[in-house]
Number of protein chains: 2
Amino acid sequence: MRWNKISDAVVRRLPLYLRVLDEVARVGETQMISSQELGEKAGVGSALVRKDLAWFGEFGKQGVGYEVEFLRTELKRILNLDKVHKVVLVGAGSLGIALARYNIRRFESDDSFSLKIIGLFDQDPTKLGRIYEGIEVRPLAELESFVRENNVKMAIITVPADAAQDVAMQLVKGGIEAILNFAPIKLNVPEHVRVASTDLTLELQRLAYYLSGE
Amino acid sequence: MRWNKISDAVVRRLPLYLRVLDEVARVGETQMISSQELGEKAGVGSALVRKDLAWFGEFGKQGVGYEVEFLRTELKRILNLDKVHKVVLVGAGSLGIALARYNIRRFESDDSFSLKIIGLFDQDPTKLGRIYEGIEVRPLAELESFVRENNVKMAIITVPADAAQDVAMQLVKGGIEAILNFAPIKLNVPEHVRVASTDLTLELQRLAYYLSGE
């Protein structure tokens, strides 16, 4: 892992800034952007924008702002997005397939998108051999060797809760360093592996808290 | 909105505790749980468990712990999950349909699950009238009135980025108070509306930061 001293809260905002810069570059009207404008579009205060970026270098000029293409290139480099990352997705259920379709189409249509699903895995024998967006569903038994042989470092888990820990351990054995987990359990993985959990039920339950009486 | 003084960080952990209690109740081996055990299973320190729960009342006994069924009932009440909440989903693409299927099947199979999608909406005329898990896809033009007439307070948005803000405003006009947003943009909504964003690309880009050199 890199730059351990920089907090994950900072790292979380970098892709937001990159997205704003991508959009500004796409529209192509301006070559400079102020921290105010960048912050406003990213939903972050301008002081925080300046502070976040200062962790990584001096990218802007006081009173002038940031050069859009330069900052964009730098952010991609910082986020490791200047090269393509291969990703495997485990769990070819409806959510998994929806994510795979979205990812693969985006990768094919967006030059600057650098995350590419190259393998789909499932344990259900009736799903094996099915092809989605050109990618065949493989058996779980091949997961670890596929990950190792293809030097895959990122994985998405969309299997049910009771299968997720086992899948995670196979991924780690194969060399995976980062997991996006949709299964509704907390994964136990070694310290060098980063897990991001997206738990839709937890999000909805949290939102319910804020509802007024009905 | 309720209990504004309690931070969202606390609220976010309550569904985690509830999930642990649901599982302990399902297994049925024990009627009491210590803050240590609850914390361990939720991935939270025991002191934080006690502190979080103390915001809402005195639920445990020192040296004994929490009565599982009692705390479960209380947490459901606190989270507003002691009654069914109707939800609309806007965007009947592959992700939207996957989420709807998952939600509706879960609602039908799990007595204690209280979030129920009752309406699907899309602007694509070729999708209108299709039925998923018994729910018909309706046109966006009917969204606001459907939300109002059915007294729906929660919504899930899975439309593309350029349509999401417009959809959010229609939802708010209809009376929606909480939105789970999958579109990759920041929604501008009135203060009384709570938005949770789940942005898969941002999560993956953040994870890429932590990869070692390849």
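Higher on the page you've got the structure.
Now for a description of the structure that goes with this document. Within any chain, residue numbers begin from 1 and follow the written order of that chain's sequence. Think of it this way: whatever chain is written first is A, whatever ligand is written first is 1, and the rest follow in order. A pLDDT threshold of at least 70 governs which residues receive local features in this predicted model, and a stricter bar of 80 or more applies before side-chain atom pairs are shown or counted, although totals over entire chains, interfaces and linings include all residues. The side-chain figures draw on all heavy atoms in the structure; neither hydrogens nor water molecules are used.

## Some words on the relation of the copies chain A and chain B
Of the transformation superimposing chain A on chain B, the axial component is 0.0 Å and the angular component is 180 degrees, with the fit at an RMSD of 0.0 Å. Accordingly, the operation relating the two chain copies is best matched by a two-fold axis. A contact between two residues is defined here by any heavy atoms of the two lying within 4.5 Å. With an isologous cut-off of 70% or more, the 100% of interface residues of chain A that recur at the interface of chain B puts this contact in the isologous class. Here the copies are superposed with least squares, the fitted atoms being C-alpha atoms of residues at a pLDDT of at least 70 in both.

## Here's the deal with helix α1 (residues 8-27) of chain B
Look at α1(B): 30 Å from first C-alpha to last across 20 residues, which is about the 28 Å you get at 1.5 Å a residue. Against α8 (200-209) of chain A together with β1 (32-33), α2 (35-42), α3 (46-54), α4 (68-78) and β10 (194-197) of chain B lie the buried residues of α1(B). For the purposes of this entry, the term helix denotes a DSSP run of H or I that reaches at least four residues, the term strand denotes a run of E that reaches at least two, and both are numbered from the N terminus. Following α1(B) by one or two positions, B:Gly28 adopts a phi angle in the positive range, close to 75 degrees. Here the expected length of a helix is defined as 1.5 Å per residue gap, with one fewer gap than residues.

## With respect to the packing of α1(B) against α2(B)
Residue and element names in this part refer to chain B. Axis definition: a line fit to C-alpha positions, over the contact stretch in the case of helices; interaxial angles, taken between N-to-C directions, run 0 to 180 degrees. Viewed as axis vectors pointing N to C, α1 and α2 meet at an angle of 105 degrees, and their least axial separation amounts to 9 Å. On the basis of the axis angle, α1 is roughly perpendicular to α2. For the pair formed by α1 and α2, the contact residues are Leu16, Tyr17, Val20, Leu21 and Val24 on the first element and Leu38, Lys41 and Ala42 on the second. We call Asp, Glu, Lys and Arg charged. Ala, Val, Leu, Ile, Met, Phe, Trp, Tyr, Cys and Pro are nonpolar, and the rest, Gly among them, are polar. Residues of the contact of α1 with α2, tallied by class, amount to seven nonpolar, no polar and one charged. For this classification, under 35 degrees means roughly parallel, over 145 means roughly antiparallel, 65 to 115 means roughly perpendicular, and everything else is oblique.

## Points about unusual backbone geometry
All names here are of chain B. Even without being glycine, Asn80 reaches a positive phi, approximately 70 degrees. You can see Asn80 is positioned in the loop between α4 and β4 (85-90). The backbone of Glu133 sits at a positive phi, close to 50 degrees, despite the residue not being glycine. Along the chain, the position of Glu133 falls in the loop between β6 (131-132) and β7 (135-139).

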